[in-house]
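# Descriptive structure summary
What follows is the residue order along each chain.
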Amino acid sequence: MAHENDDSKPAKANGTETEASSHFIKEIIEKEVAENKNDGRVHTRFPPEPNGFLHIGHAKAICVNYGLAEEFGGKYNLRFDDTNPAKEETAYVEAIMRDIRWLGFDWEDRLFYASDYFDQLYEFAIRLTKDGKAYVDDLTADEIREYRGTLTAPGKDSPYRNRSIAENLDLFERMKAGEFPDGSRVLRAKIDMAAPNLNMRDPVMYRILHAEHHRTGNKWCIYPMYDWAHGQSDSIEGITHSLCDISFEDHRPLYDWFIDQLGIHHPRQIEFARLNIGYTVLSKRRLIQLVKEGFVSGWDDPRMPTLSGLRRRGYTPEAIRTFCDRIGVAKRESMVDIALLEYCLREDLNIRARRMMAVLDPLKVIIDNYPEGQVEQFEAINNPEDESAGTRMIPFSREIYIEREDFLENPPKKFFRLAPGQEVRLKHAYYITCARVVKDENGRIVELHCTYDPESRGGGTPDGRRVKGTLHWVSAAHARDAEVRLYDRLFTRENPLEDEDFKANFNAGSLTAIRGCKVEPALADAQPGEFFQFLRQGYFCVDSVDTTENKPVFNRTVSLKDTWAKIAGKQ
RNA sequence: UGGGGUGUCGUCAAGCGGUAAGACACAAGCCUUUGGAGCUUGCAUUCGGAGGUUCGAAUCCUCCCACCCCAGCCA
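Residue indices begin from 1 for each chain and proceed along its sequence in written order. Here the convention is simple: chains get letters from A, ligands get numbers from 1, in the order in which they are written. Residues qualify for local features only when their pLDDT is at least 70, as the model is predicted, and side-chain atom pairs are given and counted only at 80 or more; totals for whole chains, interfaces and linings, by contrast, use all residues. Based on all heavy atoms of the structure, the side-chain values leave hydrogens and waters out of the count.

Turning our eyes to something else, we now look at the protein's contact with RNA strand B. By nearness alone, 67 residues border RNA strand B, and Arg-355, Lys-414, Lys-427, Gly-458 and Thr-563 come closest of all. Of everything in RNA strand B that lies within 4 Å of the protein, sugar and phosphate atoms constitute 63%. For this analysis, a polar contact is any N or O atom pair within 3.5 Å, provided that within protein one partner can donate a hydrogen and the other can accept it, and provided that sequence-adjacent residues contribute only side-chain to side-chain pairs. In the model, a sugar or linking oxygen of RNA strand B is placed 3.4 Å from a nitrogen or oxygen of the Glu-249 side chain. Residue Ile-327 places a main-chain N or O atom 3.0 Å away from a sugar or linking oxygen belonging to RNA strand B. With five residues, helix H14 (residues 563–570) is the single largest residue contributor to the surface near RNA strand B. Tallied by class, the residues present in the surface near RNA strand B amount to 27 nonpolar, 16 polar and 24 charged. Here a residue is near a molecule or strand as soon as one of its heavy atoms is found within 4 Å of it. In this description a helix means any DSSP run of H or I spanning at least four residues, a strand means any run of E spanning at least two, and both kinds are numbered starting from the N terminus. Ten residues, namely Ala, Val, Leu, Ile, Met, Phe, Trp, Tyr, Cys and Pro, are considered nonpolar, four, namely Asp, Glu, Lys and Arg, are considered charged, and the remaining ones, Gly among them, are considered polar.

Turning our eyes to something else, we now look at the pattern of salt bridges. A side-chain nitrogen of Lys or Arg and a carboxyl oxygen of Asp or Glu constitute a salt bridge if their distance falls within 4 Å. Summed over all chains, the structure comprises 51 salt bridges. A salt bridge links Arg-79 to Asp-234, with the nearest nitrogen and oxygen atoms 2.6 Å apart. Of the two residues, Arg-79 is situated in strand E2 (residues 75–80) and Asp-234 in helix H8 (residues 226–236); the sequence distance between them amounts to 155 residues. For the pair formed by Arg-79 and Asp-234, the shared burial category is buried. For Arg-252, the salt bridge is made with Glu-249, and the minimal N-O distance between the two is 3.8 Å. Here the term buried applies to any residue with accessible area under 20% of the maximum for its type, exposed to any over 50%, and partly exposed to those in between, with areas from a 1.4 Å probe on protein chains only.

Here the rule is simple: two strands pair whenever DSSP picks up at least two bridges between them. Reading across from one edge, E10-E23-E24-E25-E21-E22-E11 is the order of the seven strands in this open sheet, with mixed pairing throughout. Of all strands in the sheet, those bounded by a partner on one side alone are strand E10 (354–356) and strand E11 (358–359). Contacts are assigned to residue pairs with any non-hydrogen atoms lying within 4.5 Å of each other. Only the stretch in contact is used when fitting a helix axis, every axis being a line fitted to C-alpha atoms; angles between N-to-C directions are given from 0 to 180 degrees. Taken strand by strand, helix H13 (residues 338–352) contacts E10, strand E23 (531–534), strand E24 (538–542) and strand E25 (553–559), and its axis lies near 120° from that of E25.

Below, the discussion takes up the packing of aromatic side chains. Each pair of aromatic rings taken from Phe, Tyr and Trp, with Trp reduced to its six-membered ring, is defined by centres within 6.5 Å and is described as stacked if the planes are under 30 degrees apart, edge-to-face if over 60, and tilted in the remaining cases. Counted under the stated rule, the structure contains 30 aromatic pairs. With 3.9 Å between their ring centres and 20° between their planes, Tyr-66 and Tyr-76 make a pair best called stacked. Here Tyr-66 is found in helix H3 (residues 56–71), whereas its partner Tyr-76 is found in strand E2, with 10 residues between them in sequence. By relative accessible area, which is 6% here, Tyr-76 ends up buried. With centroids separated by 5.2 Å and ring planes inclined at 70°, the aromatic side chains of Phe-534 and Phe-554 adopt a geometry described as edge-to-face. Of the two residues, Phe-534 sits in strand E23 while Phe-554 sits in strand E25, which places them 20 residues apart along the sequence. By relative accessible area, Phe-534 is classed as buried at 0%. Taken together, the ring pairs connect Phe-118, Tyr-122, Phe-172, Tyr-206, Trp-220 and Tyr-223 into an aromatic cluster. Two conditions define a charge sitting above a ring: the NZ of Lys or the CZ of Arg must be within 6 Å of the ring centre, and it must be within 35 degrees of the ring normal. Residue placement shows Arg-321 over the ring face of Phe-105; its charged tip is 4.0 Å from the ring centre.

Another aspect to go through is the packing of H3 against helix H12 (residues 317–327). Viewed as axis vectors pointing N to C, H3 and H12 meet at an angle of 80°, and their least axial separation amounts to 9 Å. Comparing their axes, H12 and H3 come out roughly perpendicular. Judged by residue contacts, Ile-56, Ala-59, Lys-60, Cys-63 and Glu-70 of H3 engage Ile-320, Arg-321, Phe-323, Cys-324 and Ile-327 from H12. For the contact of H3 with H12, the class distribution of residues is seven nonpolar, no polar and three charged. Angle categories: roughly parallel below 35 degrees, roughly antiparallel above 145, roughly perpendicular from 65 to 115, and oblique for all the rest.

Residues with a pLDDT of 70 or more make up 96% of chain A, whose mean pLDDT is 95. Taken over the whole predicted complex, pTM reads 0.95, whereas the ipTM for its chain interfaces reads 0.97. The predictor's confidence in any single residue is recorded as pLDDT, a number from 0 to 100.

Structurally, the position occupied by Tyr-370 is in the loop between strand E12 (362–367) and strand E13 (376–381). Given the relative accessible area of 1%, Tyr-370 is considered buried. Ignoring sequence-local partners within four residues, the contact set of Tyr-370 consists of Val-375, Glu-376, Phe-396, Ser-397, Arg-398, Tyr-430 and Tyr-452. Here the side chain of Tyr-370 touches Gln-374 through a polar contact of 3.0 Å, side chain to side chain.

See the structure below:
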């Protein structure tokens, strides 16, 4: 009873399966769990700063942090690292939560903010001060830099380094009370100005910032620095493994130092390499420039590597997750080929997208021997990879549109499409042969006259003759107009940052909007977010922003692999 | 010239002293009513380099080379 497809196409991943690839962090956790460290608990967190939208590089971090917790039956938190009121906004908080949920992760009731801990952090700071391990410094920012020394020369102690504990306590209290202007003083950890690791040269813990915070309002005018806030926040939440970017590797001694001085729960920080992908940039700082300077329409522009951009473009969370699983986790810096992301996408879309016919660049074809006024309905399979997707009816008539590039007056070898005297199959319909080409005064082809073989109805003939080419088409009288947007890489250089101004490498041709496309009637009711495969073209989704009642806009998510383009390219 | 990292196929990436996984890409072929999908096959005598230890090294030791990160009151 087994259907052909059932045994010939087993267990091919549907994109949501996670390849259980191991990596160094997993090994560390396995070992610790086996030793019953932290009572065998695994608790991770993803700590975004709400100063921009999440991009696919963050998706990797989320998948690593959250994926590991899931794998070990642990928990994971979402914690906004909102220690710098100057850059952070509530709008970003919301966008970030939406994107993480879309990816398929649920932090349940474990949503936190570093700002939740401002009081606790302040108390911790007083403790360190009382222990003589922190002091208020009156040096200016410039002076602090000078006193810090250089990569090769040790720093020197600030003249304020040895204030009495009482004075430090008093000054710190008054810093908090708002007695001093921005930048006039800081609280610093007293560690070692000669430490070879610059992070240990009395790092700043608090700075004065009279700024309104998106959550605490005007309660505070001193704000903790990342190094002071992060580890303690991890500790307070009972995090066991604090997984972060490799660039924090030399902050780890400081991370450990603060926690050890305080004697509180000690999470383990482990660093792994961030994701890089060619022809784009994965940095909030740079992406925000593209947004603010109008290179793109917004954070969710379909060309953006942001999760909201990818979503609008038609990427599925499953594809992104599979991608994150496949790129692995290691410490070496790398540049992942976008082809892998696209492969994961096509793999997922192939089994899920309903097939439709859409002609992007229409060329009219008149079938001379087809009865005028006659309309036939052909039943078309919606998805050969998924029988449950069912079928739909497609109208056929005497005048149709085919893709302009599917006809060549003087075809090269191996061109299996339409050409004078050459026969092709119209998908789901008939075989047609090109009889005549009509051009305008400029020599541009205006329309084609063809004849059809009534015997070929449905796509085959009694004589079983071979027809190599199959074209997509749309009945002229029944077609609907649509706009289609094609996207190309965001930048023209694989590593746009190799130039002084990365924006100079912006790909001006990254967006092509095509109006006057002809799509089959079934597409008329497509709703924003719906996705399809346009036969022989690629995967497309209905744009969720610019689509209006009578004017559907389709985004090309990714093209289909194009073997002919490869062959043609070689000729 | 200080400290911290990293160097295995074009791109990712396993390998944890016993004689180079896998994936993408690429190539060839099969199949095909999407030149899609699928299937088959091929693709590192070699692991940044040079020495050394060992019966045996990508894995251990030594030295060297290259690249990345750190001198924010950003995260």
